[in-house]
Amino acid sequence: MSKKLKSWLKNTGLALPLLIGMFICLLPSPFSWPVGMAVIILVALGYLILFGRKEAMDARVRWAFITGFVLLAAIISSVTLNWMQVEPGLIPLLIARGLALLVGIVLSYMITWLFFMAVIYVSSVYVLTLHKEENISLWEAIRFMHSLIRGSQHDWVEVKGGEAKELKKKGTMEDWSSLGKIIIAPGHAVVLEKKTEFSRVLGVGSHVKKKGEKVREVFELKGLSANPTLENVITRDQFPLTIKMSVGFKIKAAEDPKAKEVIKDNWEVFTPVGEATLKKGAASTGGGWKKRPEGAAVGALRDQIMTYTLDELFKIQENGQDPVQVNNRRIKIIEDAVKEAASEAVSKGGLLEVSGVDIQEITLPDDARERIKADSAKKVEAEKNTAKEELVSRILDDIGKRTGKIGPGELRVAVEMVEKLSEKKFPETFIAPNFLVGSQPLQDANQQNPN
């Protein structure tokens, strides 16, 4: 059997075969009634075998219901026709057969429906506890079962992991029992809309989804984060940096957790939030509310980095694998400033609050890294030379106190002592302390007093 034919038969259900069988039953022939009944019964059994084996559980129940209904309708119609006293003539015969079919269909549907519901009510946990566990009425639970059996349910949706997924597709028809369902996992809330207007705000649990309702926005209430990577973040001395950061934020908590229009959480995954607050977020298109903290933090971080030079953001650490290290104290100051600025910008919308900012990684271009190393080396060398000069001055001062004489020879002795201590020679441009009479470069002192 081709897929198109099978799909067509499945979509039409037993409607067309049943009509054909009923038409045969109404033909003015003594054999038309048994032939029509045989067609109806055989087609019903064929549908059950063809579609009932590989379907989902609710679809199997539906096909079993249809088959049972058709078979019972055929039996009741036949019994009714035999019970009726039909006057001679074609018209009375057709009327009797039509009434027999009508009685069979009505009574069969009622009996089949009552039988299935009795079995389900007694044996199924679904009907017995659904209205209690999921906070819906028993009547709504029965409507759920009827819509599933007939395939007339609205779509079922599960909200989990920050998104809404379809659990069960919408049925092929609608009737009095048509209901949908939305299951919301802990830590989430949902704003529903109907005809472009907000209809309800729902929290954790299972809820009846009414006709025409659809999910407008899903909110994660336990805390969110954005992890942008910023390129070309310019320092004050015009060096571009690449910065990876994390921005934590959450829905603003309700001012009065006990208020009526507040989404609460019995699992204590999140603090209560107001329905009006969530509607503000749902009013923004494309989930724009999620992008506000990131945008505010990114702008504040660029402004902060612009106020610092490379030397202020980095330091040299000789004992590490990478000598160029981030100045963590300075970064902490920047993080606090970015959080404060982003919080101020985001809080104006009355929806979100920033919980934290973390600068995770800063990448330097190669030329900037080499410049930091070179500048650090110069700074260290200058500090060493300054320390040597101070030490020479102290030695000369001590020599002067002991001998009463300070000159080029004494300078030479002091320099040699410091060089032996440091095992490094002073630069030739070293200048003797100002208190020496005729202070001059060391190389001149060496020439005047070679010994």
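A short tour of the structure in this document, coming up. This one's a predicted model, so the numbers in the text were calculated from it and none came from an experiment.

## Here's the deal with the nonpolar core
If you look at soluble globular proteins, the nonpolar side chains tend to sit buried side by side. Membership of the largest hydrophobic core comes to 46 residues, with the highest contact counts inside it found for Leu241, Ile251, Leu278, Leu301, Phe314 and Ile334. In this structure, Ala44, Phe69, Val70 and Ala74 belong to the second largest nonpolar core, which totals twelve residues.

## Some details on the sheet that holds strand S7 (residues 213–220)
Hydrogen bonds along the backbone pair up the strands of a sheet, which may run parallel or antiparallel. With respect to topology, three strands assemble into an open sheet ordered S5-S4-S7, the strand pairing being antiparallel. Of all strands in the sheet, those with a lone pairing partner are strand S5 (197–202) and S7, marking the two edges. Ignoring strand direction, the axes of neighbouring strands in this sheet form an average angle of 25°. Here five bridges tie strand S4 (residues 188–194) to S5, and the two strands are oriented antiparallel to one another.

## Thoughts on the packing of aromatic side chains
If you walk through the whole model with that rule in mind, you get one aromatic pair. A ring pair is formed by Phe219 and Trp289, whose centres lie 4.8 Å apart and whose planes are at 35°; its orientation type is tilted. Residue Phe219 is located in strand S7, and its partner Trp289 is located in the loop between helix H8 (275–283) and helix H9 (292–305); the two are separated by 70 residues in the primary sequence. Both residues of the pair, Phe219 and Trp289, count as buried.

## Focus: unusual backbone geometry
One non-glycine residue with positive phi stands out, namely Asn232, at about 55°. Here Asn232 shows up in strand S9 (residues 229–234). Residue Asn232 is classed as exposed on the basis of its relative accessible area of 52%. A positive phi angle is found at Gln238, which is not glycine, with a value near 65°. Inspection of the secondary structure puts Gln238 in the loop between S9 and strand S10 (240–251).

## Some remarks on the sheet that holds strand S2 (residues 163–168)
Pairing within the open sheet is mixed, and its four strands lie in the order S2-S1-S3-S6. The sheet is open, and its two edges are formed by S2 and strand S6 (205–209), each paired on a single side. Averaged over all adjacent pairs, the angle separating strand axes in this sheet is 25°, with direction ignored. Relative to S6, strand S3 (residues 180–184) runs antiparallel, the two sharing five bridges. Within the sheet, the bridge partner assigned to Gly180 lies in S6 and is Lys209.

What counts, and where the lines are drawn
- The residue numbers shown here count from 1 along each chain, following its written sequence.
- Per-residue local features are limited, in this predicted model, to residues with pLDDT of at least 70; the limit for side-chain atom pairs, both in listing and counting, is 80 or more; totals at the level of whole chains, interfaces and linings are taken over all residues.
- Side-chain measures were taken over the full set of non-hydrogen atoms in the model, leaving aside hydrogen atoms and water.
- Only buried Ala, Val, Leu, Ile, Met, Phe, Trp, Tyr and Cys residues count toward a nonpolar core, and they belong to the same one when joined by side-chain atoms within 4.5 Å.
- Under the scheme applied here, a residue whose accessible area is under 20% of the maximum for its type counts as buried, over 50% as exposed, and between as partly exposed, the area being computed with a 1.4 Å probe on protein chains only.
- A pair of strands counts as paired when DSSP detects no fewer than two bridges linking them.
- The helix count covers DSSP runs of H or I at least four residues long, the strand count covers runs of E at least two residues long, and both are numbered beginning at the N terminus.
- Axis definition: a line fitted to C-alpha atoms, limited for helices to the stretch in contact. Angles are taken between N-to-C directions and run from 0 to 180 degrees.
- Only rings of Phe, Tyr and Trp enter the pairing, Trp through its six-membered ring, and a pair is recorded when the two centres are within 6.5 Å. The plane angle decides the type: under 30 degrees is stacked, over 60 is edge-to-face, the rest tilted.

Worth remembering: the numbers are spatial, not functional.
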